[in-house]
Amino acid sequence: MSEEIIYDDDNAVKFIRNYLPQAMSENLDDDDILYIIDVIYDFYDESGLLNGDDDTVVEIDEEQLIRYVENNANKDGLRHFESDEIALIVQGELDYCDSIHLSE
């Protein structure tokens, strides 16, 4: 019997903060990181990645994901995110999912 995998937003933010360079981490507040995480999951939902069964192997096109997040961040206008900030936050979120075995 396998254990249920739980995604925790607070742990994800902490993980991503540790992943980011210190100067970048200091310039982002938790809401900035949570916003990017929300947009990432919007991408997953719109791409149908959240509708598969647990045994399906899913390949994520990271470049497409990053472009999606950049486009939505610019459209929403909450704050200006640099491309490298978005790319690192996306990579940090993907690494967090790997660390909790969510992507396996």
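The rules we used
Residues numbered from 1 in each chain as written. Predicted model: local features only at pLDDT ≥ 70, side-chain atom pairs only at ≥ 80, totals over all residues. Heavy atoms only, no water. Salt bridge = Lys/Arg side-chain N within 4 Å of Asp/Glu carboxyl O. Helix = DSSP H or I, 4+ residues; strand = E, 2+ residues; numbered from the N terminus. Contact = heavy atoms within 4.5 Å. pLDDT = per-residue confidence, 0-100. Buried < 20%, exposed > 50% of the residue type's maximum accessible area, 1.4 Å probe, protein only. Arc of directions from axis to C-beta. Polar contact = N/O pair within 3.5 Å; in protein donor to acceptor, adjacent residues only side chain to side chain.

Caption draft 1: Structural detail: the pattern of salt bridges. Per the stated rule, a full pass over the model turns up 1 salt bridge. One salt bridge in this structure joins Arg-17 and Asp-30, with 2.9 Å as the shortest N-O distance. Within this pair, whereas Arg-17 is found in helix H1 (residues 9-19), its partner Asp-30 is found in helix H3 (residues 30-46), the two being separated by 13 residues in sequence.

Caption draft 2: Up close: the side chain of Glu-85. Within the secondary structure, Glu-85 is located in helix H5 (residues 83-99). Once residues lying within four places of it in the same chain are set aside, the contact partners of Glu-85 are Met-24, Leu-28, Arg-79 and His-80.

Caption draft 3: Quick look at the confidence of the model for the chain. Summing up the model confidence of the chain, the mean pLDDT is 86 and the portion of residues at 70 or higher is 87%. H1 holds the highest mean pLDDT among the elements of the chain, 96, whereas helix H4 (residues 62-76) holds the lowest, 91.

Caption draft 4: Highlighting H1. Along H1, the residues that are buried comprise Ala-12, Val-13 and Ile-16. Buried residues of H1, viewed axially, fall in a sector of 100 degrees; they line one side. Among the exposed residues of H1, those oriented more than 90 degrees off its buried face are Asp-10, Lys-14 and Asn-18. Those residues of H1 that are buried are in contact with H3 and H5. The residue sitting at the N-terminus of H1 and contributing the capping side-chain oxygen is Asp-8; that oxygen lies 3.1 Å from the backbone nitrogen of Asp-10.

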